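The residues making up each chain are set out below.
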Amino acid sequence: RTGPAAGPPSDADVLFTAGEPWGKCLVVLSGRARVTCGKDELSFDVGSMAVLGGEALKNANEIADFSAYILSAELWVLSLHKEDLGIEGAHPSAALPSGAASPTASASS
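Residues numbered from 1 in each chain as written. Predicted model: local features only at pLDDT ≥ 70, side-chain atom pairs only at ≥ 80, totals over all residues. Heavy atoms only, no water.

Student: When you look at the side chain of threonine 36 in this model, what are you seeing that I'm missing?
Tutor: The topology assignment puts threonine 36 in strand 3 (residues 33–37). Within the local environment of threonine 36, its side chain forms a polar contact with the side chain of serine 43, the two groups lying 3.0 Å apart. Residues contacting threonine 36, with those up to four places away along its chain left out, are Glu41, Leu42, Ser43, Phe66 and Ser67. (Helix = DSSP H or I, 4+ residues; strand = E, 2+ residues; numbered from the N terminus. Polar contact = N/O pair within 3.5 Å; in protein donor to acceptor, adjacent residues only side chain to side chain. Contact = heavy atoms within 4.5 Å.)

Student: Would you explain the pairing of strand 4 (residues 42–46) in this entry?
Tutor: In summary, the side chains of a regular strand alternate between the two faces of the sheet. When strand 3 meets strand 4, the two strands line up antiparallel, connected through five bridges. Across the sheet, residue arginine 34 finds its bridge partner in strand 4, namely aspartate 45. Linking two consecutive strands that pair antiparallel, namely strand 3 and strand 4, is a turn of four residues; a positive phi of about 80° is found at glycine 38 within it. (Pairing = 2+ DSSP bridges.)

Student: Got a minute to help me understand the nonpolar core in this structure?
Tutor: Counting residues in hydrophobic clusters, the biggest one holds 16 residues, and the most contacted among them are Leu15, Phe16, Leu52, Phe66 and Ala68. Contributing elements (two or more residues each) for this core: strand 1 (14–16), strand 2 (25–30), strand 3 and strand 6 (66–70). A total of three residues in this core trace back to one element, the largest contributor, which is strand 6. What phenylalanine 66 contacts, discounting residues up to four positions off in sequence, is Phe16, Thr17, Ala18, Trp22, Val35, Thr36, Cys37, Leu52 and Gly53. (Core = buried A, V, L, I, M, F, W, Y, C linked by side-chain atoms within 4.5 Å. Buried < 20%, exposed > 50% of the residue type's maximum accessible area, 1.4 Å probe, protein only.)

Student: What is the right way to read a nonpolar patch on the surface from this model?
Tutor: Together, Leu29, Met49, Trp76 and Leu78 line one region of the surface with nonpolar side chains, adding up to about 450 Å² of accessible area. Summarising the element assignment, tryptophan 76 is placed in strand 7 (residues 76–80). Taking the relative accessible area as the measure of exposure, tryptophan 76 reaches 54% and is therefore exposed. (Patch = residues over 30% accessible without salt bridge, like charges linked within 9 Å, V, L, I, M, F, W, Y side chains within 5 Å. Areas by Shrake-Rupley, 256 points an atom, 1.4 Å probe, with all protein chains shown as cover. Salt bridge = Lys/Arg side-chain N within 4 Å of Asp/Glu carboxyl O.)

Student: Teacher, can you tell me more about the sheet that holds strand 5 (residues 51–52) here?
Tutor: The strands making up a sheet are joined through hydrogen bonds of the backbone, oriented either antiparallel or parallel. Spatially, three strands are ordered 5-2-7 in an open sheet, and the strand pairing comes out antiparallel. With one partner strand each, in any of the chains shown, strand 5 and strand 7 form the two edges of the open sheet. As defined by bridge partners, strand 2 adjoins strand 5 across two bridges and the pair is classed as antiparallel. In the sheet register, leucine 26 faces strand 5, and the bridge partner there is leucine 52.

This is the structure in structure tokens:
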């Protein structure tokens, strides 16, 4: 964290800002982040294995409905971008050869 431990975060500590595009998905590996959401600005802390901005893997231009910033002295995250993962937006069954069963299809007896 670049800003003081107490008080509002510095710009460098902001991970997501409500009303702005997600752009990325973050998986918290170590440390803590504070998330604020809703019109009542409810806040809660997240830690290891929390996923922030998962919807960005579907649509990176989607507008965030929450804000998040670094809370702990250090925060280690895995940053994922839709473009980096090669996600095209097609349903997984679209890539199956014709006649192949979908992974969700049930077998008939």
